[in-house]
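Each chain is listed here by its residues.
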Amino acid sequence: MNEPVVIGILQNIAVLFALSIVFEYFKAAHSKERKFATSAFIGLLLGGICILLMLTPWIYIPGITFDTRSILLSVSGLFFGAIPTLIAMLIAAIYRIYVGGTGVYMGLAVIISSGFIGILWKKYLFKLKYENSTISLLSMGLVVHTTMLACTLLLPVGTIWTTLKVIALPVLVFYPIGSLLLGKLLLRQSLNWETKSALKDSEKKYRTLFSSMNEGFALHELIFDSAGKAIDYTIMDVNPAFETILGIKKKMVVGKASKIAYQVSEPPYFSRYSEVANGGNSIIFQDYFEPMDKHFLVSVFSPSKGKFATLFSDVTELRKMEAEVQREQELLSVIFDNLEEGIVVCDENGILKRFNESTRRFHGLPEKPIPANKWADYYDLYMPDGKTPMKKEDIPLFRALYEGEVKNAELTIIPKNSEPLSFIANGRKMVDNKGVTIGAVATMHNITEKKKIEAKLKDYQQNLEKLVENRTTELEEQTQKLRDSQTALTYLLEDVNESREQLKSVNKQLENSNIGLDSFTYSVSHDLRAPLRAMQGLSKALLEDYSEVLDDLGKNYSQRIVASAEQMDKLIMDLLQYSRLSRVEIALDVIEIVPIIDKVIKLLRDEIKKKDAKIIIKTKLPAVKGNQTMLEQPILNLIENALKFTEPGKKPVVEIWHEETDNQLSIFIKDNGIGIPQEYHEKIFKVLERLHGVEAYPGTGIGLSIVKKCIERIGGTVELHSEENKGSTFILKLKKS
């Protein structure tokens, strides 16, 4: 390689880099907003740099010189854009023409091609990211200087080849590297300048926010004694809102310890502040500051160890308003709970939110945040006939939420272990001041006594009609006796009337029998269970109060009495439930199985968790034709049995799936329990039949009887497939919906 060529190139590149540093100071002194005048000035400066570069070239032969203007113009196009670069190209071209020589056309071509390649590279191929810029800058350098070598074709023919042999290697080695290094330098300087500019903008915004914010702000630093223990804190800076809220001038507190600034004996909230300043988590608290007789909401954080900042606002008036609102709410709550009419409230999503005391008394249950589709089932809501369970769309509160208003809607509540109650309900949707729905409220007026009076009046009317009918019949009979010509048809009519009266009498007797059966059921529920509860209570009291007196045998006897009483109480309740199944009115409807299983799993959640059991639903269960209660109880009993009748230490697994035929749906409930021998398959469905002692597996022996009775009441059947120690599969065959 020609040594003067290399020295000339390196010298030119050094001048270029020195000038680029001077230019950086100029760039940093101007705004980011690139107006035309500024762009023109930059172009003039770049043009001047080009002239300086051309004044220090290496000369191949007179008229043919080489310098690094190609690097400057391409990098100019890349970093400064079209206007400055075009101006610099024009200045460089004019000066090159002025210099003249045989290489003037090549020089002009290099100027034009270098500038335009830089401009186009900026527009289409280059992104201002330092980490990913090496390949792009080096590639641009190669393209620019390959083009520069191609421009030698504009030299006189006799000098092209000799020129290429001299300049090709240094141009392709040093010039692209020069483009890369200059580009990297300018890119680094540009990014640094933008970072500094962003920091200045950020600081300006911070100061603006600091001065204009409504909350008080203060920066503090802990003060330590000679032993290194924090004893106070200095107030380093405050914002104008600090002065407004506390009524203290900035000059009176900045640079002073808190005890002096606030004129108190102890630093306010020192333990909290010092904990945060020493590396603790940020905290927010609300407290009363006695020296100023104000309540403050304070947020504390630490910008660095030993320092902390507080952001606070005066909430004294807010606290007064909250106290006033609290008093009003308490007053309204007292009024709300002392109204005779029931009041029910839900939110905009149909979630039950509040009852008053009258409503709790009507239902015998407290309010529970449940969705509308569970109201009727959980709170025993029925249509006015007292038999048909209410659908969600019929419930007055739900109608009020979605229809806007409900008037004089009738419903019946049948609380557990209580008489049915009849109500007239009115409801209205609640909206805020913007017209947005926030919920609904419904009132319930108890008309049970009115209904009873109406029923009695109806009975009196029917009895009167019956008396008139009887008198009329007697008159007709007397008239018929007077008529000798009465035909056989008249006698037949008399027989029919007599049969009707007999039928009425039989119906009356049946009604009396049902009333007697209900009385007996109540007697069993009340009179038999009362002594059992007494036995339980006394036995437990004996164990608790005389445990030190009783020996182990006595304690064992007492515990067995408690267990036997509990077993007897459960047996009575199961028998009552079984007896009611034959008499209760059944209304068939389309029932979804999945919600029933979900409800059962929730009821048995503790037992499932205790035994680490798994409930697996293998198919998507469809709806069936049946009754909610008559399906829920069998599924509950079968899953409960599956959890109960499992060998000790074995985790219960219950699988549920279905199969369909043309008119029938079969629900399979399979367990991995102890199984049932074939000879007992019929026996276990009978009342009080047990295969194991209470000590081994607790129960009353009525559960499967209830399963069979419930399924038969809705027109279905129950089948069992089981072997001892191989689990059991119960099949509930039901009508399709």
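See the structure printed just above.
Conventions adopted
- Residues numbered from 1 in each chain as written.
- Predicted model: local features only at pLDDT ≥ 70, side-chain atom pairs only at ≥ 80, totals over all residues.
- Heavy atoms only, no water.
- Phe/Tyr/Trp six-rings, centres within 6.5 Å; stacked < 30°, edge-to-face > 60°.
- Buried < 20%, exposed > 50% of the residue type's maximum accessible area, 1.4 Å probe, protein only.
- Helix = DSSP H or I, 4+ residues; strand = E, 2+ residues; numbered from the N terminus.
- Lys NZ or Arg CZ within 6 Å of the ring centre and 35° of its normal.
- Contact = heavy atoms within 4.5 Å.
- Pairing = 2+ DSSP bridges.
- Core = buried A, V, L, I, M, F, W, Y, C linked by side-chain atoms within 4.5 Å.

1. Remarks on the packing of aromatic side chains
Taken as a whole, this structure holds 17 aromatic pairs when the rule is applied. Pairing tyrosine 269 with tyrosine 273 gives two aromatic rings, centres 6.0 Å apart and planes at 75°, and the pair type is edge-to-face. Relative accessible area serves as the criterion here: at 19%, tyrosine 269 is assigned to the buried category. On the accessibility criterion, tyrosine 273 (6% relative accessible area) is buried. Geometrically, the ring pair formed by phenylalanine 296 and phenylalanine 312 is edge-to-face, given 6.0 Å between the ring centres and 85° between the ring planes. One end of the pair, phenylalanine 296, is in strand S6 (residues 294-301); the other, phenylalanine 312, is in strand S7 (residues 307-314), with 16 residues separating them in the sequence. Looking at phenylalanine 312, the relative accessible area reads 8%, which means it is buried. The ring of phenylalanine 285 has arginine 272 sitting right over it, with the charged end atom 4.2 Å from the ring centre. The ring centre of tryptophan 657 lies 4.8 Å from the NZ or CZ of lysine 618, which sits over that ring.

2. Here's the deal with unusual backbone geometry
Even without being glycine, tyrosine 269 reaches a positive phi, approximately 55°. When you line up the elements, tyrosine 269 lands in the loop between helix H10 (258-262) and helix H11 (270-277). Despite not being glycine, aspartate 612 has its phi angle at roughly 55°, a positive value. Turning to its location among the elements, aspartate 612 is positioned in the loop between helix H20 (605-611) and strand S15 (614-617).

3. Some details on helix H15 (residues 396-403)
Residues of H15 that are buried: Pro396, Leu397, Phe398, Ala400 and Leu401. On the buried face of H15, the contacting elements are strand S8 (342-347), strand S9 (352-355), helix H14 (375-379), strand S11 (405-413), strand S12 (421-431) and strand S13 (437-446). Immediately beyond the C-terminal end of H15, within one or two residues, lies glycine 404, with a positive phi of roughly 100°.

4. Here's the deal with the pairing of strand S5 (residues 283-289)
Bridge count for S5 against S6 is seven bridges, and the pairing is antiparallel. Paired with phenylalanine 289 across the strands is lysine 294, a residue of S6. Connecting the antiparallel pair S5 and S6 is a turn made up of four residues, with aspartate 293 showing a positive phi of about 55°.

5. Some remarks on the nonpolar core
Judged by nonpolar contacts, the single largest core of 42 residues is most densely connected at Val75, Phe79 and Met140. Elements represented by at least two residues in this core include exactly helix H2 (36-55), helix H3 (69-80), helix H4 (82-99), helix H5 (104-124), helix H6 (134-150) and helix H7 (157-212). For this core, the element with the most residues is H7, which contributes nine residues. If we ignore the near neighbours within four places in the chain, the residues touching valine 75 are Met140, Ser179, Leu182 and Leu186.

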